[in-house]
Amino acid sequence: MRSPRLEALRSALEKAEFRLAATQDLARVGDWELDRHTGRMYWSRELFRLFERPEALGVPDLNEALGYFSLDSTNRTRDLFWEAIDSGRRCALEQEVLLPSGEERRHFTVIVPVADESGRVFRLYGTVQDITERRRLESERLEHLERLEELSRHLVEIEERERRELASALHDRASPNLAALQILFSSLADALPESARDELAPLLEDASALLADTTAGIREICTNLRPATLDYAGLVPALREYVAQFRARTGLDVRVDAASGSPPCALSRATQTLCFRLVQEALTNCAKHARAGSVRIGLGGCAGGVLLQIGDDGVGFDLSRLGEAGSTPGLGLITMRERVELAGGDFRLYTRPGDGTVIEVRLPAELHPAETTR
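Residue positions are counted from 1 within each chain, in the order its sequence is given. Two thresholds apply to this predicted model, a pLDDT of at least 70 for residue-level local features and 80 or more for giving and counting side-chain atom pairs, whereas whole-chain, interface and lining totals are computed over all residues. In computing side-chain properties, one takes all heavy atoms of the structure into account and sets aside hydrogens as well as water.

## Concerning the packing of aromatic side chains
Reasoning step 1: Between the rings of Phe, Tyr and Trp (Trp by its six-membered ring), a pair exists once the centres lie within 6.5 Å; its type follows the angle of the planes, with under 30 degrees stacked, over 60 edge-to-face, and the other angles tilted. A complete count under the given rule lists eight aromatic pairs for this structure.
Reasoning step 2: Measuring from centroid to centroid gives 6.4 Å for Trp-43 and Tyr-68, while their planes differ by 45°, and the two rings are tilted. Taken together, the positions of Trp-43 in strand 2 (residues 41-43) and Tyr-68 in the loop between helix 3 (62-66) and helix 4 (71-87) put the pair 25 residues apart, joining distant regions of the chain.
Reasoning step 3: When the ring of Phe-51 is compared with that of Phe-69, the centres are 5.9 Å apart and the planes differ by 70°; the resulting orientation is edge-to-face. With a gap of 18 residues between them, Phe-51 in the loop between helix 2 (45-50) and helix 3 and Phe-69 in the loop between helix 3 and helix 4 connect regions that are remote in the sequence.
Reasoning step 4: Relative accessibility under 20% of the residue-type maximum defines a buried residue, over 50% an exposed one, and the middle range a partly exposed one, all with a 1.4 Å probe and only protein chains included. Judged by its relative accessible area of 3%, Phe-51 is buried.
Reasoning step 5: Taken together, Trp-43, Phe-48, Phe-51, Tyr-68 and Phe-69 form an aromatic cluster joined through their ring pairs. Secondary structure counts use DSSP, requiring at least four H or I residues in a row for a helix and at least two E residues in a row for a strand, with both numbered from the N terminus.

## Brief notes about the side chain of Thr-132
Reasoning step 1: Mapped onto the elements of the fold, Thr-132 is located in helix 5 (residues 132-191).
Reasoning step 2: Here Arg-105 takes part through its side chain, which lies 3.3 Å from a polar atom of the side chain of Thr-132.
Reasoning step 3: Here Thr-132 is in contact with Glu-104, Arg-105 and Arg-106, once residues within four sequence places are set aside. Pairs of N or O atoms are called polar contacts if they sit within 3.5 Å, as long as, within protein, a hydrogen donor faces a hydrogen acceptor (for residues adjacent in sequence, only side-chain-to-side-chain pairs). Should any heavy atoms of two residues lie within 4.5 Å, those residues are considered in contact.

## As for the environment of Asp-231
Reasoning step 1: Within the secondary structure, Asp-231 is located in helix 8 (residues 228-232).
Reasoning step 2: Judged by relative accessible area, which is 26%, Asp-231 ranks as partly exposed.
Reasoning step 3: Put simply, Asp-231 and Gln-272 are 41 residues apart on the chain and 9.3 Å apart in space, counted from C-alpha to C-alpha.
Reasoning step 4: Once you skip the residues sitting within four places of it in the chain, Asp-231 turns out to touch Arg-164, Arg-226 and Arg-269.

## Focus on the nonpolar core
Reasoning step 1: Joining through side-chain atoms within 4.5 Å is the link that ties buried Ala, Val, Leu, Ile, Met, Phe, Trp, Tyr and Cys residues into a set, and such a set is a nonpolar core. Ranked by size, the top nonpolar core spans 38 residues in total, and within it Leu-283, Ile-297, Leu-308, Ile-359 and Leu-363 carry the most contacts.
Reasoning step 2: Listing elements by their share of this core, those giving two or more residues are helix 9 (235-250), strand 6 (253-258), helix 10 (269-290), strand 7 (294-302), strand 8 (305-312), helix 11 (331-342), strand 9 (346-351) and strand 10 (357-364).
Reasoning step 3: The element best represented in this core is helix 10, accounting for nine residues.
Reasoning step 4: Every residue in contact with Ile-297, bar those within four places of it in the chain, is listed here: Val-243, Val-254, Arg-255, Val-256, Asp-257, Val-279, Leu-283, Leu-308, Gln-309 and Ile-310.

## Here's the deal with the packing of helix 9 against helix 10
Reasoning step 1: Where helix 9 meets helix 10, the axes come as close as 10 Å, and the angle between the chain directions of the two elements is 15°. The orientation of helix 9 with respect to helix 10, classified from their angle, is roughly parallel. By crossing handedness, the relation of helix 9 to helix 10 is classed as right-handed. Between helix 9, through Leu-235, Ala-238, Leu-239, Tyr-242, Val-243, Phe-246 and Thr-250, and helix 10, the contact on the second element is made entirely by Gln-272, Cys-275, Phe-276, Val-279, Gln-280, Leu-283, Thr-284 and Ala-287.
Reasoning step 2: Polar here means any residue other than Ala, Val, Leu, Ile, Met, Phe, Trp, Tyr, Cys and Pro, which are nonpolar, and Asp, Glu, Lys and Arg, which are charged; Gly is therefore polar. Within the contact of helix 9 with helix 10, the residues separate by chemical class into eleven nonpolar, four polar and no charged. The angle between two axes is taken between their N-to-C directions and runs from 0 to 180 degrees, where each axis is a line fitted to C-alpha atoms and a helix contributes only its stretch in contact. Note on angle classes: values under 35 degrees are labelled roughly parallel, values over 145 roughly antiparallel, values of 65 to 115 roughly perpendicular, and the remainder oblique. Crossings are assigned a handedness: left-handed for a near helix turned anticlockwise from the far helix by less than a right angle, right-handed for a clockwise turn.

Coordinates in, geometry out; function isn't part of it.
As structure tokens, then:
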């Protein structure tokens, strides 16, 4: 007759086995054991289901079990078995599984060596998890990210093309018309009788000043949109031209330091455009938020590309709050980082309250083909 204590232990064991089996079924995780000396294996019920093996066939030996894997996975599994035995350390790998139904699955296996008192490994224990669905979702996520990146590059390309076309239209039509209007206005003013000229002098001066201001404004708009200098002379002259206008407009002491022999002239058009836009955005942030007295722009070469540094002596900010609602600055710097990373570059920001801000950007000489403007 069985004792109540033995029955209680048996019942607790059956419940534990049931919970383990249910958990493995839900998680699609099976476990196995391999005796190093006899080569005998133990498989949990879930492992039979993961490999589509009828339980009536019994537990396979090691060679038969390895037959479920692709050749590469078989070789890597053998190597890790021996590594676990020799080192006594836990190992893990991802395996390609070829099921009897013809379906291909991906498993993640963890191998745990079990050693005796002398430290000699006499058994291997392992878990197997079906990660096929997870890998599929990860692959779809990566595909979506690639499509988003491609779309972002395309939008940047379209934006630059539209900027160039608008700047070209203003430069080629509005500017010459304004220049012709200024000459015509001067000729008409000279043709007036002296008495009328003296009487209308204030109006004539105002009109002439308005024409000059409109001409200067259109020139500034063209530079902000896309300076012709960038296309015809390159990055450094375009930066110097933009900085001169920015300095005159804001009063900030801005300097461009381009090392001699630096690679900007050899940079792709896309890289030069991106550098120019980064400087634009950085100077805008300085004017709005930094309360700086001076800004230094450094442009030089680095391995296979260009190094752009923009530093100011302003008030700085708490970097940990970048992107938070109400943080100053915020969106502009985040956009800069995203554009640099999208182009395959490296963006670094150094700042702290009261200690100015430094932006350091490394870009490849040739950006992604989709970044190349037409």
